[in-house]
Amino acid sequence: MSGNTLGLLFTVTTFGESHGPAIGAVVDGCPPGMALSEADLQTDLDRRKPGTSRHVTQRKEEDKVEILSGVFEGKTTGTPIALLIRNTDQRSQDYSDILQTFRPGHADYAYHYKYGLRDPRGGGRSSARLTAPVVAAAAIAKKWLHHQYGTEIFGYMSQLGEHVIPFEDEKQIENNAFFAPNAKIIPELEAYMDSLRKAGDSCGARIEVRARNVPMGLGEPLFDKLDADIAHVMMGINAVKGVEIGSGFQSVVQKGSEHGDEMHPDGYASNNSGGTLGGISSGQDLRVSIAIKPTSSILSPKQSVDLEGKPMTVQTKGRHDPCVGIRATPIAEAMLALVLMDHALRHRAQCGDVKVSVRAVPAARPGAK
Ligand SMILES: C=C(O[C@@H]1CC(C(=O)O)=C[C@@H](OP(=O)(O)O)[C@H]1O)C(=O)O
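Residues numbered from 1 in each chain as written. Predicted model: local features only at pLDDT ≥ 70, side-chain atom pairs only at ≥ 80, totals over all residues. Heavy atoms only, no water.

## Here we look at the site of the ligand
To keep things clear, this is the line we draw: Proximity is defined per residue: if any heavy atom of the residue lies within 4 Å of a molecule or strand, that residue is considered near it. Under this definition, polar contacts are N or O atom pairs within 3.5 Å; protein pairs additionally need one hydrogen-donor-capable and one acceptor-capable atom, and for neighbouring residues in sequence, both atoms have to be side-chain atoms. In short, Shrake-Rupley with a 1.4 Å probe defines the accessible areas, and a residue's cover is counted only from the protein chains shown. For this classification, Asp, Glu, Lys and Arg are treated as charged, while Ala, Val, Leu, Ile, Met, Phe, Trp, Tyr, Cys and Pro are nonpolar and the rest, including Gly, are polar.
Residues in close proximity to the ligand total 13 residues, the closest being His-19, Arg-48, Arg-59, Tyr-95 and Arg-129. Contact between the ligand and His-19: an oxygen atom at 2.5 Å from a side-chain N or O atom of the residue. A distance of 2.9 Å separates an oxygen atom of the ligand from a polar atom in the side chain of Arg-327. For the ligand, the accessible surface in isolation is 470 Å², of which the surrounding protein chains cover 94%. The class makeup of the residues in the shell around the ligand is three nonpolar, five polar and five charged.

Shown next, in the form of C-alpha cells:
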C-alpha cells in the first residue's frame with residue numbers, strides 16, 4: 001500500500017531516513033534452516049557503502065549490519081529477519097536551507113506536495129542511502145538462490161556519461177571503483193569524474209545486471225511477469241529512468257529473423273530475449289540494463305522557487321555522489337535477487353509438482369552471442 005514493501009512470498013520492508021538514528025529492513029518469508037550470519041550480508045554492503053573513493057560521496061558510513069531476529073544458532077528460523085544499520089556520519093546542518101526551497105530534479109518538490117511536510121536532512125526517506133537495507137536483505141536472497149539453484153548474479157557499469165565501457169573481462173569488475181569490466185578504461189573514467197567534480201556537475205550511467213543458472217518457469221503471467229517485476233524493482237532504485245530487458249529498445253530495429261533466439265540441442269544461439277519468454281524465465285541468462293540519471297544535488301547554481309513560488313537560486317551544499325551510478329551495481333544486483341527469490345518461492349508453491357517431458361535447452365550454445 002505505502003510503497004515500502006517489495007515481494008509477495010519473500011517480502012522486504014525497509015524503514016528509516018538518511019539522517020535518522022538508523023535504517024533497516026524486515027525480511028519475511030525466508031525458508032528455515034539456511035545458515036546465515038552478518039558476514040553473509042556485509043560483503044555486498046561494503047561494495048555499496050559511501051566514502052570508498054574520491055569519485056563518490058565522502059560521507060563515511062561503515063554500514064555494519066546487525067541481525068536482530070529470525071536467526072537462531074546460525075540458522076534462519078522462517079520468522080521475520082530484522083536488519084539494522086545505524087547512521088553515524090550525518091551532517092544535517094548542510095540541509096538547513098533546503099526546507100525553504102527545492103533542488104531542481106530532486107524528489108524534494110514532489111515529497112513536499114504529496115505529504116505536506118518532509119524530512120529534508122540528507123534527502124530523508126528519498127535518499128539513496130535507503131538502498132543499503134535493500135542490499136543487506138538481498139544478500140539473503142542471493143545466498144538462498146545460489147544454494148538452491150547455483151544462481152549467480154553479477155552486475156557492471158557499461159557506460160559513464162558519454163563514455164561507453166567495452167566489456168573486456170568479468171574478473172576486472174571488482175578491481176576498480178566503477179565496477180567497470182575493463183581495466184584499460186579506468187584512467188579515462190577517472191579523468192572524466194575529476195573534471196566533472198571540479199565543474200560542480202554530475203553525470204548519469206548505465207548498469208548491466210546478469211543472472212546465470214536461473215531456474216526455468218519463474219514469472220506469473222499476465223501481470224506479474226518476471227520481466228514486469230524486474231522493471232518494477234529496478235525503477236524503484238533512486239535515479240533510475242529506464243530499464244531494458246535483453247535487446248530492449250534495440251528490438252525496435254531488429255527483424256523477427258534476427259530477434260527470436262534460435263534453439264539448438266546444444267543451447268540457445270543468441271540472447272535477445274534477455275532470459276524471459278512470455279514473462280517466464282527460459283533458462284537463458286537474465287540480461288537487464290538500467291539507465292541512471294545525473295545526480296540532482298550539484299554545486300552549480302540552478303533556478304528554483306521558494307515555498308511561495310518566488311524565484312530563487314539553489315546551490316546544493318553537502319556531500320553528494322557526482323554519479324550515483326558508480327555505486328549502483330550492487331544495488332541493481334540486489335533488486336534482481338529479491339525478485340528472483342520471490343518468484344522462485346511462488347513457482348514452487350503453485351508448480352512445484354509439475355513434471356515436464358521436454359528436455360531443457362542449455363542457456364547458450366558454445367560461442368553464442
Ligand atoms: C549516505 C549515502 O548517500 C547519501 C545519498 C544522498 C542523497 O541525497 O540521496 C545524499 C548524501 O547524504 P549526506 O548529505 O548525508 O552526505 C549521500 O551521502 C549512502 O548511500 O549511504
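Having put the structure on the table, let's press on.
## Topic: the packing of helix H1 (residues 38-48) against helix H7 (residues 329-351)
Counted only if it meets this: An axis is simply a line fitted to the C-alpha atoms; with a helix, the fit covers only the stretch in contact. Between two such axes, the angle follows the N-to-C directions and lies from 0 to 180 degrees. Helix and strand assignments come from DSSP, with helices taken as H or I runs of at least 4 residues and strands as E runs of at least 2, each series counted from the N terminus. Should an angle lie under 35 degrees it is considered roughly parallel, over 145 roughly antiparallel, and from 65 to 115 roughly perpendicular; all remaining angles are considered oblique. Should any heavy atoms of two residues lie within 4.5 Å, those residues are counted as being in contact.
Following both chains from N to C, one finds H1 and H7 inclined at 140°, their axes separated by 8 Å at the closest point. Here H7 runs oblique to H1, going by the angle between their axes. Across from Asp-44, Arg-47 and Arg-48 in H1, the residues of H7 making contact are Thr-329, Pro-330, Ile-331 and Glu-333.

## Side note on the UniProt feature "binding site: FMN" (unreviewed entry) in the protein chain
Keep this limit in mind: UniProt positions are given in the numbering used here, feature names are shortened, and annotations may be inferred rather than shown by experiment. Here a cavity means grid points, on a 1 Å grid over the protein atoms only, where a 1.4 Å probe fits yet cannot get out; a pocket means an open set of points with protein on both sides within 12 Å along at least five of seven lines; lining residues are those with an atom within 4 Å of a point. Exposed residues in this analysis have more than 50% of their type's maximum accessible area, buried residues have under 20%, and partly exposed residues fall in between, with area computed by a 1.4 Å probe over protein chains only.
UniProt marks Arg-125, Ser-126, Ser-127, Asn-238, Ala-239, Gly-278, Lys-293, Pro-294, Thr-295, Ser-296, Ser-297 and Arg-319 with the feature "binding site: FMN" (unreviewed entry), using the numbering shown here. A stretch of 195 residues holds the annotated residues, and the largest C-alpha distance among them is 43.8 Å, long enough that they do not meet in one place. Residues from the annotated list that form part of the lining of the largest cavity: Asn-238. Here Ser-126 is to be found in the loop between helix H2 (108-115) and helix H3 (131-149). When neighbours within four sequence positions are excluded, Ser-126 is seen to be in contact with His-106, Ala-107, Tyr-111 and Asn-238. Given the relative accessible area of 13%, Thr-295 is considered buried. Beyond its immediate sequence surroundings of up to four residues, Thr-295 is in contact with Ser-202, Cys-203, Asp-321, Pro-322, Cys-323 and Val-324.

## Considerations on the packing of H1 against H3
Just so we agree on the cut-off: Crossing handedness follows the turn of the near helix against the far one: under a right angle anticlockwise gives a left-handed crossing, and clockwise gives a right-handed one.
Orientation of H1 relative to H3, taken along the N-to-C sense of each, is 135°, at an axis distance of 8 Å. Judged by the angle between their axes, H1 and H3 are oblique. H3 is crossed by H1, and the crossing has right-handed handedness. Facing Asp-40, Leu-41, Asp-44, Leu-45, Arg-47 and Arg-48 of H1, the residues of H3 in contact are Thr-131, Ala-132, Val-135, Ala-136, Ala-139, Ile-140, Lys-142 and Lys-143. In terms of residue class, the contact of H1 with H3 is built from seven nonpolar, one polar and six charged.

## Section: the sheet that holds strand E9 (residues 163-164)
How we decide: Two strands pair under a simple rule: DSSP has to find at least two bridges between them.
Across the sheet, five strands lie side by side as E9-E8-E10-E16-E11; this open sheet has antiparallel pairing. On the outer flanks of this sheet lie E9 and strand E11 (240-245), each paired with one strand and no other. Bridge analysis of strand E8 (residues 152-160) against strand E10 (residues 205-212) gives eight bridges, and the strand direction is antiparallel. Opposite Glu-152, over in E10, you have Arg-212 as the bridge partner.

## Some words on the environment of Gly-204
Mapped onto the secondary structure, Gly-204 falls in the loop between helix H4 (186-198) and E10. Not counting residues up to four positions away in its chain, the partners in contact with Gly-204 are Leu-160, Gly-161, Ile-292, Lys-293, Pro-294 and Cys-323.

## Here's the deal with the packing of aromatic side chains
As a reminder of what qualifies: The pairing test for Phe, Tyr and Trp rings, Trp by its six-membered ring, is centres within 6.5 Å, and the orientation test on the planes gives stacked under 30 degrees, edge-to-face over 60, and tilted for anything in between.
Summed over the entire model, instances satisfying the criterion amount to six aromatic pairs. Centre to centre, the rings of Tyr-109 and Tyr-113 are 5.1 Å apart; their planes meet at 50°, and the pair counts as tilted. Highlighted residues: Tyr-109 and Tyr-113, both in helix H2, separated by four residues, approximately one helical turn. By relative accessible area, which is 44% here, Tyr-109 ends up partly exposed. On the numbers, 5.7 Å between centres and 50° between planes, the contact of Tyr-111 with Tyr-115 is tilted. On the criterion of helical spacing, the pair formed by Tyr-111 and Tyr-115 is a turn pair, its members being four residues apart in helix H2. Judged by relative accessible area, which is 49%, Tyr-115 ranks as partly exposed.

## Considerations on the UniProt feature "binding site: NADP(+)" (unreviewed entry) in the protein chain
Those residues carrying the UniProt feature "binding site: NADP(+)" (unreviewed entry) are Arg-48 and Arg-54 in this numbering. Lining the largest cavity, from the residues named above, are Arg-48. On the basis of relative accessible area, Arg-48 is assigned to the buried category, the value being 1%. Apart from the residues lying within four places of it in its own chain, the contact partners of Arg-48 are Asp-63, Ala-128, Arg-129, Thr-131, Ala-132, Val-135, Arg-327, Pro-330 and Ile-331. The topology assignment puts Arg-54 in the loop between H1 and strand E4 (65-67).

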